[in-house]
Amino acid sequence: MDFSVLVETRLREGVADPEGAMIERSLPALGFEGVSGVKVGKAFRFTVAGADEASVRAEVDDMCRRFLTNPVIEDAKITVVGAGPS
Amino acid sequence: MPVVGVVVFPGSNCELDVVEAVQALGGEARLLWHGDDSIGRVDAVVLPGGFAHGDYLRPGAIARFSPVMRAVGEHAAAGGPVVGICNGFQVLCEAGLLPGALQKNAGLKFLCRPATIRVEASGTALSTGVEVGTELSIPVNHFEGNYTCLPATLAELRAEERVVFRYVDNPNGSVDDIAGICSAGRNVVGLMPHPERASHALLGSTDGLPLLRSLLVTAGAAVRA
């Protein structure tokens, strides 16, 4: 069965995010007031063939640890968004 | 004559500068292809600057899986000198041969200019015979040179005197002004500044030469300077 996967990575809490800070500082210049906590990350969308959601999640978790994120500075949020037709 | 192997990844762009500087110091330099699973009979390995594999995903994230990296890791584990310059430093961190990570510069600017660094630790692959406290003017050329690590890692680096170079005027936001660090065995060194770009009077500085000479010395042979 194919599972659609969304992986969102972002800098860990406590790691400086200069890109997010720059965007946050720029927003008021365009009239967007009151925006705080801007964090910049990446999103990966892909399809994984697997027996069930748990095994797909375990595989993607391993993928994140070993490749998609640098665990020193990044966290990943994994969403298995549903099973498509196999 | 010590032989220095300089690894070429797709997207490396400083390999010939390193070769030139090594040869000028009387060493022999040999280019190593990233896709080979051996480094042959070299005494030291340099991972040069550039954009290995386009820096896709993160700088160094894909280069660490290049076949040659297993041999580089074995060379390092055996105590052989391994130096990562700029992108090479990023590769060493991603490969786990050095701790920490390099993220975007605090000012979000690509920096290409001379930086003054201070030698903070001796007896490493790049600072053997260089006095602690020596200040050197060496160019930096990076967007992701902001060194960061967990507080426990930083404490360990300090306690073991593994911060090899610090910026005198921190250009990129690196924690503790770190410009370069070494492994516990002191044979693996990574730094963001480019010693090979400060290796001839025509380049504006020869301050990189003592560092590269150290590499040749630790590579285990006499150097005709």
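These figures come from a predicted structure and were not determined experimentally.

1. Remarks on the overall build of chain A
Phase 1 of the analysis: Helices and strands together make up the secondary structure of chain A, namely 2 helices and 3 strands.
Phase 2 of the analysis: In terms of its C-alpha atoms, chain A occupies a principal-axis envelope of roughly 50 × 30 × 15 Å.
Phase 3 of the analysis: Residue burial in chain A is summarised as follows: out of 86 residues, 13% are buried.

2. Observations regarding the pairing of strand S2 (residues 28–33) of chain B
All names here are of chain B.
Phase 1 of the analysis: Alignment of strand S1 (residues 3–8) against S2, held across 6 bridges, turns out to be parallel. If you follow Val4 over to S2, its bridge partner there is Ala29.
Phase 2 of the analysis: Once the chain exits S1 it traverses helix H1 (residues 15–24) before rejoining the sheet at S2, and the crossover so formed is right-handed.

3. A short note on the interface of chain B and chain A
You'll often see interface size given as the accessible area lost when the parts meet.
Phase 1 of the analysis: At the interface, 13 residues of chain B touch 9 residues of chain A.
Phase 2 of the analysis: Of the residues contributing to the side of chain B that touches chain A, the split by class is 6 nonpolar, 4 polar and 3 charged.

4. What about the nonpolar core?
Phase 1 of the analysis: In terms of nonpolar packing, the biggest core is built from 71 residues, with B:Val4, B:Val6, B:Val45, B:Val46, B:Leu92, B:Leu191 and B:Leu215 touching the most fellow members.
Phase 2 of the analysis: If we ignore the near neighbours within four places in the chain, the residues touching B:Leu191 are B:Ile85, B:Phe89, B:Leu126, B:Val164, B:Phe165, B:Ala179 and B:Gly180.
Phase 3 of the analysis: Ranked by size, the runner-up nonpolar core spans 5 residues in total, among them A:Phe3, A:Val5, A:Val7 and A:Val56.

5. A word on unusual backbone geometry
Residue and element names in this part refer to chain B.
Phase 1 of the analysis: Here His53, not a glycine, exhibits a phi torsion of approximately 55 degrees, which is positive.
Phase 2 of the analysis: Here His53 is to be found in the loop between strand S3 (44–47) and helix H2 (68–77).
Phase 3 of the analysis: The residue Asp55 is not glycine, and still its phi comes out positive at about 60 degrees.

6. A word on the confidence of the model for chain A
Phase 1 of the analysis: Per-residue confidence for chain A averages 91 on the pLDDT scale, and 95% of its residues sit at or above 70.
Phase 2 of the analysis: Per-element averaging of pLDDT across chain A places strand S3 (residues 74–84) of chain A at the bottom with 86 and strand S2 (residues 41–49) of chain A at the top with 96.

7. Some thoughts on the sheet that holds S2(B)
Residue and element names in this part refer to chain B.
Phase 1 of the analysis: Taken in spatial order, the 9 strands make up an open sheet running S2-S1-S3-S4-S11-S10-S9-S6-S7, and their pairing is mixed. Among the strands making up the open sheet, the edge pair consists of S2 and strand S7 (135–142). Pairwise comparison of adjacent strand axes, ignoring direction, gives a mean angle of 25 degrees for this sheet.
Phase 2 of the analysis: The pairing of strand S9 (residues 163–167) with strand S10 (residues 178–182) spans 3 bridges and is antiparallel. Counterpart to Arg166 in the pairing with S10 is Ile178.

8. Things to note about the environment of B:Gly84
Residue and element names in this part refer to chain B.
Phase 1 of the analysis: Within the element layout of this structure, Gly84 appears in strand S4 (residues 82–85).
Phase 2 of the analysis: Residue Gly84 is classed as buried on the basis of its 28 C-beta neighbours within 10 Å.
Phase 3 of the analysis: For the pair formed by Gly84 and Ser66, sequence separation is 18 residues and the distance between their alpha carbons is 15 Å.

9. Things to note about helix H3 (residues 87–94) of chain B
All names here are of chain B.
Phase 1 of the analysis: The buried fraction of H3 amounts to 8 of the 8 residues, a majority that puts the element mostly inside the structure.
Phase 2 of the analysis: Considered for burial, the residues of H3 that qualify are Asn87, Gly88, Phe89, Gln90, Val91, Leu92, Cys93 and Glu94.
Phase 3 of the analysis: Turning to H3, the residues buried within the fold contact S3, S4, strand S5 (101–103) and strand S11 (188–191).
Phase 4 of the analysis: Immediately downstream of H3, the backbone of Gly96 shows phi near 80 degrees, a positive value.

What counts and what doesn't
- Residues numbered from 1 in each chain as written.
- Chains lettered and ligands numbered in written order.
- Predicted model: local features only at pLDDT ≥ 70, side-chain atom pairs only at ≥ 80, totals over all residues.
- Helix = DSSP H or I, 4+ residues; strand = E, 2+ residues; numbered from the N terminus.
- Buried ≥ 20, exposed ≤ 12 C-beta atoms within 10 Å, placed from the backbone.
- Pairing = 2+ DSSP bridges.
- Right-handed = clockwise from strand over helix to strand, strands pointing away.
- Contact = placed C-beta atoms within 7 Å.
- Nonpolar A, V, L, I, M, F, W, Y, C, P; charged D, E, K, R; others polar.
- Core = buried A, V, L, I, M, F, W, Y, C linked by C-beta atoms within 7 Å.
- pLDDT = per-residue confidence, 0-100.
- Axes fitted to C-alpha atoms, helices over the stretch in contact; angles between N-to-C directions.

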